[in-house]
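Coordinate inspection notes
Single-letter residue listing:
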Amino acid sequence: MIIDRVEHPGWLSNAYLLADGPDGHGILVDSNGIFEPLLESVRENNIEITHVLVTHHHADHVVDIADLAKRLDVPLVGSGLTRQAGIAIDEAIEDGAAVRSGELQIRAIATPGHCPDHTAFLVNEKDCLTADCLFKGTVGGTAGGGPTGFTDQMHSIMQRLLTLPEETRIHPGHREPSTVGDEREHNPFVRVWRGLDPEGKECCRVNGEEATLILFGPDYDGTHKAWVRYSDGRDAIVGGSQIERDQAHE
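Notes on the structure in this doc start here. In this text the structure is predicted, and so the values were computed from the model without any measurement.

Calculation criteria
- Residues numbered from 1 in each chain as written.
- Predicted model: local features only at pLDDT ≥ 70, side-chain atom pairs only at ≥ 80, totals over all residues.
- Heavy atoms only, no water.
- Helix = DSSP H or I, 4+ residues; strand = E, 2+ residues; numbered from the N terminus.
- Rg over C-alpha atoms; globule rule 2.2 N^0.38 Å.
- Buried < 20%, exposed > 50% of the residue type's maximum accessible area, 1.4 Å probe, protein only.
- Areas by Shrake-Rupley, 256 points an atom, 1.4 Å probe, with all protein chains shown as cover.
- Lys, Arg positive; Asp, Glu negative; His and termini not counted.
- Charge placed at Lys NZ, Arg CZ, Asp CG, Glu CD.
- 1 Å grid on protein atoms, 1.4 Å probe; cavity = no way out; pocket = protein on both sides within 12 Å on 5 of 7 lines; lining within 4 Å.
- Points joined across faces, edges and corners; volume = space filled by probe spheres on them.
- Nonpolar A, V, L, I, M, F, W, Y, C, P; charged D, E, K, R; others polar.
- Contact = heavy atoms within 4.5 Å.
- Polar contact = N/O pair within 3.5 Å; in protein donor to acceptor, adjacent residues only side chain to side chain.
- Pairing = 2+ DSSP bridges.
- Axes fitted to C-alpha atoms, helices over the stretch in contact; angles between N-to-C directions.

**Re the overall build of the protein chain**
Scanning the protein chain from terminus to terminus reveals 6 helices and 19 strands. Radius of gyration (C-alpha) of the protein chain: 18 Å, near the 18 Å computed for a compact globule of 250 residues. With the C-alpha coordinates aligned to their principal axes, the bounding extent of the protein chain is approximately 60 × 35 × 30 Å. The buried share of the protein chain, taken over its 250 residues, is 52%. Carbon and sulfur atoms make up 47% of the accessible area of the protein chain, which amounts to about 11200 Å² in all. In the protein chain, the 21 positive side-chain charges and the 41 negative ones have mean positions that sit 4 Å from each other.

Rendered as structure tokens:
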């Protein structure tokens, strides 16, 4: 199978080409506006693109994506909620449903939390495009997920993605790939959720609001991501730059 990735130099968001092999069939997943390296691979390998897939509606993943599908004369496929969010989806795909592209079977896995329409795609039960739900060494923020964003995100990661076989390769929406096994063992957020590491108890402020800093972990861009718990019991995953810590911890 062919899996090609192109990363935006600023956003660090990924767009993907997956194909069943040279002279075969394939799909494009998400768009960061950098089409040509993937389309060049399509031409070099004589691949027939059958679908363009969308994981979620956020701007760094859908640059000119409807125009790309029209250019290739193929359907744009994504969640019905992604269509409701303003993306011109041609074919809505439900949780658990699949599309075929030659020898590829691509199954949709609803993974809300980062945003309500977030969808992962499992290809031939071996490779999972996790978008902005699960990254190598970190997880996606939950500010766009609504009141249940944190709970949804934790469920999406722990009950939907990390129940896949350990050897399953994950291809996130930003930066490098990983595997289910590596994230179960080494991702600091997952380790706390699994009860392997303790929750933190440090007091902090999030944009001026009092909270407890449960975990101050890494983010995919070399900065930090934080799990916080507000005084009313709400949990959230936020960017580390939003955290005000005591000087002793800075």
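**Considering the layout of surface pockets**
The gaps left among the atoms become clear once a water-sized probe is rolled over them. If you add up the space inside the largest pocket, you get close to 260 Å³. The wall of the largest pocket is formed by 17 residues, among which Gly146, Pro147, Arg234, Asp235 and Ala236 lie closest to the centre. If you list the elements that add at least two residues to the lining of the largest pocket, you get α4 (149-161) and β18 (235-239). With 4 residues, the top contributor of residues to the lining of the largest pocket is β18. Considering only enclosed or pocket space, the second largest pocket measures out at about 220 Å³ in volume. Lining the second largest pocket are 17 residues, and of these Asp219, Tyr220, Asp221, Lys225 and Gly239 lie nearest its centre. Classifying every residue of the lining of the second largest pocket gives 3 nonpolar, 10 polar and 4 charged.

**Remarks on the side chain of Ser156**
Tracing the sequence through the fold places Ser156 in helix α4. Apart from residues lying up to four places away in sequence, Ser156 is in contact with Ala110, Thr111, Pro112, Cys133 and Leu161.

**Quick word on the side chain of Asn32**
Structurally, Asn32 can be placed in the loop between β3 (25-29) and α1 (36-44). Of note is the side chain of Asn32, whose polar atom sits 2.8 Å from the backbone oxygen of Ser13. Reaching out from Asn32, the side chain makes a polar contact with the backbone nitrogen of Ile34 at a distance of 3.0 Å. With sequence-adjacent residues up to four places away left out, Asn32 is seen in contact with Val6, Glu7, His8, Trp11, Ser13, Asn14, Ala15, Asp60 and Val63.

**Things to note about the sheet that holds strand β14 (residues 178-179)**
Taken together, 6 strands build an open sheet; the order of strands is β7-β8-β9-β10-β13-β14 and the sheet is mixed. The sheet is open, and its two edges are formed by β7 (98-101) and β14, each paired on a single side. Bridge analysis of strand β10 (residues 127-131) against strand β13 (residues 169-172) gives 4 bridges, and the strand direction is parallel. Bridge pairing in β13 places Leu129 opposite His171. Against the sheet, α4 contacts β8 (104-110), β9 (119-123) and β10, and its axis sits at roughly 140° relative to β8.

**Remarks on empty space enclosed by the protein**
In this structure the tally under the stated criterion is 1 cavity of 30 Å³ or more. In this structure, the largest cavity occupies an estimated 60 Å³ of space. Lining the largest cavity are 13 residues, and of these Leu28, Asp30, Phe35, Leu38 and Leu68 lie nearest its centre. Looking at the lining of the largest cavity, the elements that each hand over two or more residues are β2 (14-19), β3 and α1. In the lining of the largest cavity, the residues fall into 9 nonpolar, 3 polar and 1 charged.

**Comments concerning the sheet that holds β18**
The strand order across the open sheet formed by 5 strands is β18-β17-β16-β15-β19, and the pairing between neighbours is antiparallel. In the strand order of this sheet, the two ends are held by β18 and β19 (243-245), each with one partner. Strand-to-strand twist in this sheet, taken as the mean axis angle between neighbours without regard to direction, amounts to 45°. Note: strand β16 (residues 209-218) against strand β17 (residues 224-230), 7 bridges, orientation antiparallel. Its bridge partner lying in β17, Ala211 is registered against Tyr230.

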